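Secondary and tertiary structure notes
The chain contents come next:
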Amino acid sequence: MANSVKLEIITPSKLFYRGYVELVIVRTLEGEEGFMYGHSWACKLLDIGELFIREGGSDEDFRVAAVAGGFIDVKDSIIIYTDAVEWAED
């Protein structure tokens, strides 16, 4: 997992997701942006839209969730704070 980064997705009511991922793609107010291990520090506002997660060590397609805005904080790990989020299959 050398090329993986810890991702947490937090809502006011629960910790929605915690795990190691290779890539996260979100819709910011400036357009879609991807974040990976080693990305420079960033803090961006999120727009309402889809969130794509490629989990570390996985050859599967992206997991997809719907996000109701919020913000993403990228440092040594990635944390997404949002009011609401749910998996696409739900």
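Attention here is on the structure that accompanies the text. Going along each chain's sequence as written, the residues are numbered from 1 onward. Reporting in this predicted model follows two pLDDT cut-offs: at least 70 for local features of residues, and 80 or more for side-chain atom pairs to be given and counted; totals over whole chains, interfaces and linings ignore these cut-offs and use all residues. The side-chain numbers reported here are obtained from all heavy atoms of the structure, hydrogens and water having been left aside.

Put simply, DSSP marks the helices as runs of H or I at least four residues long and the strands as runs of E at least two long, and each gets a number from the N terminus on. Within the protein, the secondary structure is distributed over zero helices and seven strands. Beginning at the N terminus, the succession of helices and strands in the protein can be written as β-β-β-β-β-β-β. In this description the radius of gyration comes from C-alpha coordinates, and the expected globular size is given by 2.2 Å times residues to the power 0.38. Taking 12 Å as the expected radius of gyration for a compact globule of 90 residues, we find that the protein reaches 12 Å, a close match to that expectation. Its C-alpha atoms give the protein principal-axis dimensions of about 30 × 30 × 25 Å. Put simply, the protein has 90 residues, and 39% of those count as buried. Counting every atom, the protein has about 5500 Å² of accessible surface; 49% of that belongs to carbon and sulfur. Charged side chains of the protein number 8 positive and 17 negative; the gap between the two group centres comes to 5 Å. We call a residue buried when its accessible area falls under 20% of the maximum for its residue type, exposed when it is over 50%, and partly exposed in between, using a 1.4 Å probe and counting protein chains only. Each accessible area value is a Shrake-Rupley result obtained with a 1.4 Å probe; residue values ignore everything except the protein chains displayed when judging cover. Asp and Glu are treated as the negative residues and Lys and Arg as the positive ones, with His and the ends of the chain left uncounted. By convention, the charge on Lys lies at NZ, on Arg at CZ, on Asp at CG and on Glu at CD.

By the convention used here, strands pair only if DSSP detects at least 2 bridges between them. Sheet analysis places strand E1 (residues 5-10) next to strand E6 (residues 78-81), joined by four bridges and oriented parallel. In the sheet register, Ile 9 faces E6, and the bridge partner there is Ile 80. Note that strand E5 (residues 63-74) and E6 share four bridges and pair antiparallel. Bridge pairing links Phe 71 to Tyr 81 in E6. The loop that links E5 with its antiparallel partner E6 comprises three residues.

Once that is clear, we can look at the packing of aromatic side chains. Pairing of aromatic rings covers Phe, Tyr and the six-membered ring of Trp, with a centre-to-centre limit of 6.5 Å; geometry is then stacked below 30 degrees between planes, edge-to-face above 60, and tilted otherwise. One pass over the full model with this rule turns up four aromatic pairs. Grouped by ring-pair contacts, the aromatic residues Phe 16, Tyr 17 and Trp 87 constitute a single cluster. Counted as over-ring charges are cases with an Arg CZ or a Lys NZ within 6 Å of the ring centre that also lie within 35 degrees of the ring normal. Above the ring of Phe 62, the side-chain terminus of Arg 54 is found at 4.4 Å from the ring centroid. Geometry around Trp 41 places Lys 75 over its ring, the cationic atom sitting 5.5 Å from the centre.

A few words on the nonpolar core. The criterion is simple. A nonpolar core is a set of buried Ala, Val, Leu, Ile, Met, Phe, Trp, Tyr and Cys residues joined through side-chain atoms within 4.5 Å. Ranked by internal contacts, the top residues of the largest apolar core, which has 21 residues, are Leu 7, Ile 9, Leu 51, Ile 78 and Ile 80. Taken together, the elements giving at least two residues each to this core come down to E1, strand E2 (15-28), strand E4 (42-55), E5, E6 and strand E7 (85-87). Of the residues forming this core, the biggest block, five residues, is contributed by E2.

This part takes up the environment of Arg 18. Inspection of the secondary structure puts Arg 18 in strand E2. We classify Arg 18 as exposed; its relative accessible area is 53%. In contact with Arg 18, other than residues within four places in its own chain, are Lys 6, Leu 7 and Glu 8. At a separation of 2.8 Å, a polar atom in the side chain of Arg 18 contacts the side chain of Glu 8. Any two residues whose heavy atoms approach within 4.5 Å are treated as being in contact. Any N or O atom pair separated by 3.5 Å or less is treated as a polar contact, with the protein-specific requirement of one donor-capable and one acceptor-capable atom, and with residues adjacent in sequence counted only for side-chain atom pairs.

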